Structures are given as C-alpha cells and as structure tokens.
Amino acid sequence: MAILVKQQGALLLLMLNLFLVFTGIGLVIPIMPSFMNELGVSGSMMGLTIAVFSLAQFLFSPLAGRLSDTVGRKRMIVVGMFIFAVSEGLFGIAHSPTLMFVSRALGGLSAAMIMPAVMAYAADITTDEERAAGMGYVNASITTGFIIGPGIGGYLAEFGIRTPFYAAGVGGIVAAIVTLLFLKESLPAKGTEASQAEVAEPRSGLLAQLKHSYRAPYFLSLVIVFVMSFGLANFETIYSLFVDHKFGFDPKDIAFVITFGSIAGAVVQLTIFSWLLNRFGEKPIIAACLLVAGIFVLLMLFVHRFWLIFAVTFAVFLAIDILRPTIGTQMSKLAKDQQGYVAGLNSAFTSLGNIVGPIVAGVLFDFEINAPYTLAAVVLLICFAVSMKGQRRRGVALE
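Residues numbered from 1 in each chain as written. Predicted model: local features only at pLDDT ≥ 70, side-chain atom pairs only at ≥ 80, totals over all residues. Heavy atoms only, no water.

**A look at the overall build of the protein chain**
Heads up, the condition is: Where helices and strands are cited, they refer to DSSP runs of H or I of at least four residues and of E of at least two residues respectively, numbered from the N terminus. Burial classes: relative accessible area under 20% of the type maximum marks a residue as buried, over 50% as exposed, and values in between as partly exposed (1.4 Å probe, protein chains only). Contacts are assigned to residue pairs with any non-hydrogen atoms lying within 4.5 Å of each other. Computed with a 1.4 Å probe, the accessible areas rest on the Shrake-Rupley method; for each residue, only the protein chains presented here act as cover.
Each helix and strand counted, the protein chain has 18 helices and 0 strands in total. Split into buried and exposed, the 399 residues of the protein chain put 58% on the buried side. Residue pairs at least 24 apart in sequence account for 87% of intrachain contacts in the protein chain once pairs closer than 6 positions are excluded. Counting only carbon and sulfur atoms, one obtains 70% of the accessible surface of the protein chain, whose full area is about 15700 Å².

Structure follows, in structure tokens:
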C-alpha cells in the first residue's frame with residue numbers, strides 16, 4: 001500500500017476524471033422516461049442513443065490505448081475530458097434525436113481516450129502486488145460515478161431535466177484544467193524499448209487488434225468483459241423504463257434505488273477488494289460474480305415490492321462492481337509492457353457489450369417488457385458455465 005500513499009495525489013486525479021465521466025453516463029438513467037416523453041421516442045430509439053456512445057468508444061478505444069503508450073497518458077486524459085465537457089453540454093441543449101446521437105458519440109470518444117489512459121497510468125505506478133488495490137481504487141471511482149450520476153440526474157431534474165448535463169459539462173472543464181496543471185506524466189518512467197516495439201507492431205487497426213486478441217492469454221477475460229458489459233448495459237438501459245412502466249417509479253424513486261443499491265460496490269472496492277482478490281484469486285471471484293449477477297437479474301422479473309426491488313438491484317450492482325476490477329486486475333498482470341494496449345482492448349470489448357446490450361434491450365422492451373432481463377440473465381449464466389469449464393480445464397492441465 002506504500003505506493004498508494006506515495007501516489008495518492010495522482011490516484012485522486014485519476015479517480016476524479018473517471019468519476020466525472022461515469023457520472024455523466026449515469027445522469028441519463030433516471031430521466032430517460034422523461035426524455036422519451038418530451039421527444040416522443042420509443043424504447044428502441046433510446047437504446048440506439050445509448051449504443052451510439054458505446055459504438056464511438058468501441059471504434060476508438062484500441063487506437064486510444066496505443067496512443068496512451070506513445071503520446072502519453074496525461075495528454076489523452078486532458079483532451080478526453082474537454083471532449084466530455086462538450087458532449088455533456090450538447091446533450092443538455094438537444095431537442096432532437098440527431099443532436100442526442102452526436103453528443104453521445106462525442107461522449108463515447110471521450111471515454112475511449114480517458115479509460116485506457118487511466119487504467120494504464122494506474123498500472124504504471126503500482127507493482128504486481130499492489131495492482132489489485134490500485135485497480136480497486138480506480139474502479140471505485142467508476143462505481144461511485146454510477147452511484148452519484150443517477151442520484152444527481154434524478155434530483156436535479158426537478159430544476160429541469162437538462163440542468164444535470166450543464167453541471168457535468170462545467171465539471172469536465174474543471175477536471176481537465178486541474179489534470180493539466182497537477183498530474184505528472186507516468187509514461188517516461190515506465191516506457192521501455194520493448195513496449196515501444198509492441199506498439200510499433202502492425203496491429204493498429206481495430207479488426208487486426210481484435211483478431212490478435214483471440215490468440216492472447218487474456219482472451220477469455222475479454223469475452224467475460226463483453227458478457228458483463230452486455231448484461232449490465234441490458235440491465236441499466238431498461239431499468240428506468242422497466243420500473244417506470246411496471247411499478248410507476250418517478251425519477252426520484254429510480255435515483256434512490258440505483259444510488260443506494262450501488263453504494264456497496266464502492267465500499268467493497270475501497271476496503272476489502274484487495275483482500276478478496278489475494279484470498280480467493282481472480283478466477284473464483286469472476287465465476288461467483290457472474291452467477292450472482294445472472295440469478296438476481298432473473299429475480300428482477302418476479303419482485304413487486306419496493307424493498308425487494310431495492311435488494312435485487314443492490315445484488316446486481318455489487319456483483320458487477322466486484323467483477324469489473326477483478327477482470328481488469330487479471331488482464332493487467334498478463335499485459336506486461338502493453339498496459340495501454342491491453343487497457344484499450346478491455347475498453348473496446350466493454351464498448352462492444354455496451355453497443356449490443358442497449359440495442360437488443362430497447363428492441364425487446366418494445367416487444368415485451370420482461371424479455372430484456374430474461375436474455376441478460378441467460379447470457380450471464382452461460383458465461384458463468386463457460387468460466388467454470390475454463391477453470392476445470394486449467395486444473396486438469398496443471399495435474
């Protein structure tokens with residue numbers, strides 16, 4: 001933990017940037033039904049709007065990961081935060097689906113620039129032994145952003161459903177300036193000829209990088225990242241519409257359930273996550289989280305009382321909030337001198353799940369309100385079975 005104390009300022013700045021990005025992403029969740037009513041769009045159209053963010057992130061993430069290995073982590077974070085601020089401001093003034101698409105695409109571009117650079121920076125300043133703690137802190141900022149985002153969106157919506165986006169835009173500008181002034185570049189201290197050689201290999205194209213990932217030792221982790229993102233995006237995209245249509249929740253109710261249902265994830269990441277990983281290892285935790293997430297997403301179809309809805313949401317977010325940094329830690333240990341490159345692939349597979357998830361969820365929601373959660377649960381449970389099978393194969397190979 002010594003490195004965490006010594007690099008506390010840098011980690012806090014990294015956490016601030018990711019916190020703001022994911023706060024901006026979460027803002028739209030509780031006010032989605034209001035936007036649908038105001039603009040007269042369907043669940044399918046809203047799903048496409050959310051998917052555009054992830055499409056832009058998916059297309060640019062591998063390149064952004066490589067750029068963070070060459071031009072530097074700090075530069076990517078600062079530019080990404082300015083783009084994030086612009087995207088939030090555009091969403092605030094949007095009165096048509098077209099401008100919403102443009103603003104969310106810019107948001108995805110900003111996330112693609114920020115996430116790999118932040119993850120690579122955290123890897124730069126931690127050793128293998130400290131990696132779990134470092135990733136836990138960084139991912140706690142993601143979780144906290146998801147917690148605070150819906151809360152801000154739900155409560156500030158009373159002053160106008162566009163007010164939260166203007167606030168996020170201002171916050172993005174402030175974070176970019178603070179990062180520019182106070183964050184030191186981490187790449188020179190860790191950059192090596194080997195890492196530069198890896199970056200120089202002809203894998204810069206998105207399709208080429210994805211093809212290469214199939215042969216990489218972290219490919220199963222990337223598959224789990226995709227499934228996790230698909231299931232979570234499916235769950236979150238429809239959540240506000242689901243509880244609005246089925247239970248009559250208003251933005252405050254939605255914000256309350258998501259906010260307090262997610263708090264445990266941030267607490268775990270900041271306190272006992274490192275101990276959990278060192279005690280049980282990445283693979284058992286990944287399998288357990290997939291199982292819990294799948295079961296509780298399915299249970300969402302059968303609960304009706306407020307406290308049960310709260311409990312199920314709590315369990316789903318806790319499982320995903322433990323799963324995300326566990327996979328990140330596992331891949332960072334395998335990445336060696338390719339931290340930015342592998343972080344970019346991680347972000348790309350996350351985005352791919354976030355593209356498919358909202359689109360499928362929106363279409364299924366218009367067809368039948370329970371269909372999105374049924375599919376998400378099935379996919380998560382299948383991935384759990386695959387992860388268990390992979391563990392058994394490794395166990396046999398070691399005997």
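**Here's the deal with the environment of Met15**
Looking at where Met15 falls in the secondary structure, it is placed in helix H2 (residues 8–26). With sequence-adjacent residues up to four places away left out, Met15 is seen in contact with Tyr137, Val138, Ser141 and Leu270.

**Considering the pattern of salt bridges**
Just so we agree on the cut-off: Any Lys or Arg side-chain nitrogen located within 4 Å of an Asp or Glu carboxyl oxygen qualifies as a salt bridge.
Within this structure, the stated rule accounts for 1 salt bridge. Where Asp69 meets Arg73, a salt bridge forms, and the shortest distance between an N and an O atom there is 2.6 Å.

**What about the packing of aromatic side chains?**
What counts, and what does not: A pair of aromatic rings is counted whenever rings of Phe, Tyr or Trp (Trp by its six-membered ring) have centres within 6.5 Å, and the orientation is called stacked for planes under 30 degrees apart, edge-to-face for over 60 and tilted otherwise. Lysine NZ or arginine CZ positioned within 6 Å of the ring centre and within 35 degrees of the ring normal marks a charge as sitting over the ring.
This structure, assessed with the given rule, holds 6 aromatic pairs. Ring centres of Phe242 and Tyr373 lie 4.9 Å apart, and the angle between their planes is 40 degrees; this geometry places the pair in the tilted category. Residue Phe242 is located in helix H12 (residues 219–247), and its partner Tyr373 is located in helix H18 (residues 371–398); the two are separated by 131 residues in the primary sequence. We classify Phe242 as buried; its relative accessible area is 0%. Since its relative accessible area comes to 1%, Tyr373 is described here as buried. Among the aromatic residues, ring-to-ring pairing joins Phe242, Phe247 and Tyr373 into one connected group. When the ring centre of Phe91 is taken as origin, the NZ or CZ atom of Arg104, which lies over that ring, is 5.3 Å away. Cation over ring: Arg279 sits above Phe280, and NZ or CZ is 4.9 Å from the ring centre.

**Observations regarding the packing of helix H4 (residues 43–70) against helix H6 (residues 97–124)**
Going by this rule: Angles run from 0 to 180 degrees between N-to-C directions of axes, and those axes are lines fitted to C-alpha atoms, restricted for helices to the stretch in contact. Left-handed describes a crossing whose near helix is turned anticlockwise from the far helix by less than a right angle; the clockwise case is right-handed. Nonpolar residues are Ala, Val, Leu, Ile, Met, Phe, Trp, Tyr, Cys and Pro. Charged residues are Asp, Glu, Lys and Arg, and all others, Gly as well, are polar.
As a packed pair, H4 and H6 sit with axes 7 Å apart at the nearest point and diverge in direction by 35 degrees. The hand of the H4/H6 crossing is right-handed. Looking at the contact of H4 with H6 residue by residue, the class counts come to 19 nonpolar, 7 polar and 1 charged.

**A closer look at a nonpolar patch on the surface**
For clarity, the cut-off: Patch construction takes residues with relative accessible area above 30% that form no salt bridge. Like charges are linked within 9 Å, and nonpolar side chains (Val, Leu, Ile, Met, Phe, Trp, Tyr) are linked within 5 Å.
Where nonpolar side chains cluster on the molecular surface, the patch consists of Phe82, Ile173, Ile177, Leu180, Leu181 and Phe182 and spans about 600 Å² of accessible area. Examining the composition of the nonpolar patch, we find that 5 residues originate from one element, helix H8 (residues 163–182), more than from any other.

**Quick look at the confidence of the model for the protein chain**
To be explicit about the condition: Note: pLDDT gives the predictor's confidence per residue, expressed from 0 to 100.
Mean pLDDT over the protein chain: 76, with 80% of residues reaching 70 or higher. Of the regions scoring below 50 in pLDDT, residues 1–6 engages in 12 contacts with residues more than four places distant in sequence or in other chains. Below pLDDT 50 for its whole length, residues 189–204 participates in 20 contacts with residues either more than four positions away or in separate chains.

**Thoughts on H4**
Formally: In this scheme, a helix's expected span is set at 1.5 Å multiplied by one less than its residue total. Here the bend at a residue means the angle between the axes of two seven-residue stretches, the one that ends at it and the one that starts at it.
Counted at 1.5 Å a residue, the expected span for H4 with its 28 residues is 40 Å, and the 41 Å between its end C-alpha atoms agrees. If you look at H4, its biggest bend is around 45 degrees, right at Ser61, and the proline Pro62 turns up within four residues after that. Residue Gly72 follows H4 closely and has a positive phi angle near 115 degrees.

**Describing the packing of helix H14 (residues 273–280) against helix H15 (residues 282–299)**
Cut-off, in case you're wondering: Angle categories are assigned with fixed cut-offs, so that under 35 degrees is roughly parallel, over 145 is roughly antiparallel, 65 to 115 is roughly perpendicular, and the rest are oblique.
Orientation of H14 relative to H15, taken along the N-to-C sense of each, is 110 degrees, at an axis distance of 7 Å. With respect to H15, the axis of H14 lies roughly perpendicular. Touching Leu276, Leu277 and Phe280 of H14 are Glu282, Pro284 and Ile285, all from H15. In terms of residue class, the contact of H14 with H15 is made up of 5 nonpolar, no polar and 1 charged.

**Quick look at the nonpolar core**
As a reminder, the rule being used: In these notes, a set of buried Ala, Val, Leu, Ile, Met, Phe, Trp, Tyr and Cys residues joined through side-chain atoms within 4.5 Å is what counts as a nonpolar core.
Counting residues in hydrophobic clusters, the biggest one holds 97 residues, and the most contacted among them are Met81, Tyr239, Met300, Leu323 and Tyr373. With 12 residues, H12 is the single largest residue contributor to this core. In contact with Met81, not counting residues within four places along its chain, are Asn17, Leu20, Val21, Ile114, Gly172, Ala175 and Ala176.

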